[in-house]
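So the chains spell out like this:
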Amino acid sequence: MRCGESNFWQWQRTNGGASCTCLSGGFFTCSDDTTASTPPTVALTGGGGTIAEQSEYKTCQADPATCTQLWLHSSGLTGTIPTEIGLLTQLKHAFLNNNDMTGKIPTEIGQLKQLEQIDLSINGLTGMIPTEIGRLTKLTKIHLDNNDLMGTIPTEIGQLAQLESIDLSNNGLTGTIPTEIERLMQLTVMDLRSNYLTGTIPTEVGQLTQLGVIMVDPSFGNGASPSSNATLGVTVGGIIGGVAAGVLLWVMTLALVCWLRNRRKGSRAVGEQEAWIALGLPAMPARNPVYSPHAPSGSGSGQPRVQQTVDS
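None of the values given here were measured: they were computed from a predicted structure.

## Some points on the packing of aromatic side chains
One pair of aromatic rings is described through two measures. These are the centre distance and the angle between the planes. According to the stated counting rule, one finds one aromatic pair in the structure shown. Judged by centre distance (4.6 Å) and plane angle (15°), the rings of Trp71 and Phe95 are stacked. On the criterion of sequence distance, the pair formed by Trp71 in strand β3 (residues 69-71) and Phe95 in strand β4 (residues 93-95) is long-range, its members being 24 residues apart. Using a relative accessible area of 8% as the deciding quantity, one classes Phe95 as buried.

Structure representation (structure tokens):
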């Protein structure tokens, strides 16, 4: 028996209408001290109905100041998320995943300033991701995957400095990946598969030292219909390595050009072979010598002097 359940009210009536007060976690206390408390049932499974009809939620409503967890996953829930959820200001964990809920994510969710983890995945939620989510600065996990969410990824997501895991896969999101993700220094994984995102992965992700992988579709970047049976994992290390390789090649090319252009006239000619070896590259195939028209007279053989030259 839990405070707020129908059998609790029946018990109260059979005990002379004792005056009882609901406490945190389904416990209760009564004025006649006949019963102090009973252990709560934590996770509900099956049963259906709306969130407002669940004893777990009623318990939180009865004492919102001490309600820190809401476990209603896999409960067969229907209907919408009530706006009154914003009154649970001490809520730290909200698991409403794997249900049949519909409607929009209420903007009142932005009032849950103590929230650390929220999972609304595997439902039928619609609308846009509310920008108010940026107020939840203690969030470490947000999973909104496998819904019917639309619109863009809000830039306010960059305000979630403690975020470690974000899953927005299997929705209908459009637009680009916001560059504001560069602020998510604790982020370890981001799943954006099966959406309609365009653009490219922001180079700013190279600053996220904790990030291991960003999961996107092979069709990412062209807004095409996402593939349901193919994914692409882009590691941050690969991005950084690609950028570093490009920079190194550019520096090597620039060094070669500058070196050859600044040769002093009349100094010993430097061949392509020497420049190639100086940069640590494999030796070039031998070239046929080029005859210089500037050979000095009286060189002895009467033949032009041979030197390898590089056009400057």
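More follows now that the structure is in view.
## Details of unusual backbone geometry
A positive phi angle, near 55°, is found at Ser74, a position not held by glycine. Within the element layout of this structure, Ser74 appears in the loop between β3 and β4. Residue classification places Ser74 among the partly exposed residues on the basis of a relative accessible area of 30%. Unlike most non-glycine residues, Asn98 shows phi in positive territory, near 60°. The topology assignment puts Asn98 in the loop between β4 and β5 (102-104). The class for Asn98 is partly exposed, based on a relative accessible area of 37%.

## Notes on the pattern of salt bridges
Per the stated rule, a full pass over the model turns up one salt bridge. Measuring nitrogen to oxygen at the nearest pair gives 2.6 Å for the salt bridge that ties Arg193 to Asp191. Asp191 sits in the buried class, given a relative accessible area of 5%.

## Digging into the environment of Asp191
For Asp191, the position within the fold is in strand β11 (residues 189-191). For the pair Asp191 and Asp167, spaced 24 residues apart in sequence, the C-alpha to C-alpha distance is 4.7 Å. For Asp191, the contacting residues outside a window of four places in its chain are Ile166, Asp167, Leu168, Ser169 and Met215.

## As for the pairing of strand β13 (residues 213-216)
Residues Ile214 and Val216 point to one face of β13 and are all buried, whereas Val213 and Met215, pointing to the other face, are not buried. Relative to β13, β11 runs parallel, the two being bridged by three bridges. Of the residues in β13, the one forming a bridge with Val189 is Val213.

How each quantity is defined
Residues numbered from 1 in each chain as written. Predicted model: local features only at pLDDT ≥ 70, side-chain atom pairs only at ≥ 80, totals over all residues. Heavy atoms only, no water. Phe/Tyr/Trp six-rings, centres within 6.5 Å; stacked < 30°, edge-to-face > 60°. Helix = DSSP H or I, 4+ residues; strand = E, 2+ residues; numbered from the N terminus. Buried < 20%, exposed > 50% of the residue type's maximum accessible area, 1.4 Å probe, protein only. Salt bridge = Lys/Arg side-chain N within 4 Å of Asp/Glu carboxyl O. Contact = heavy atoms within 4.5 Å. Pairing = 2+ DSSP bridges.

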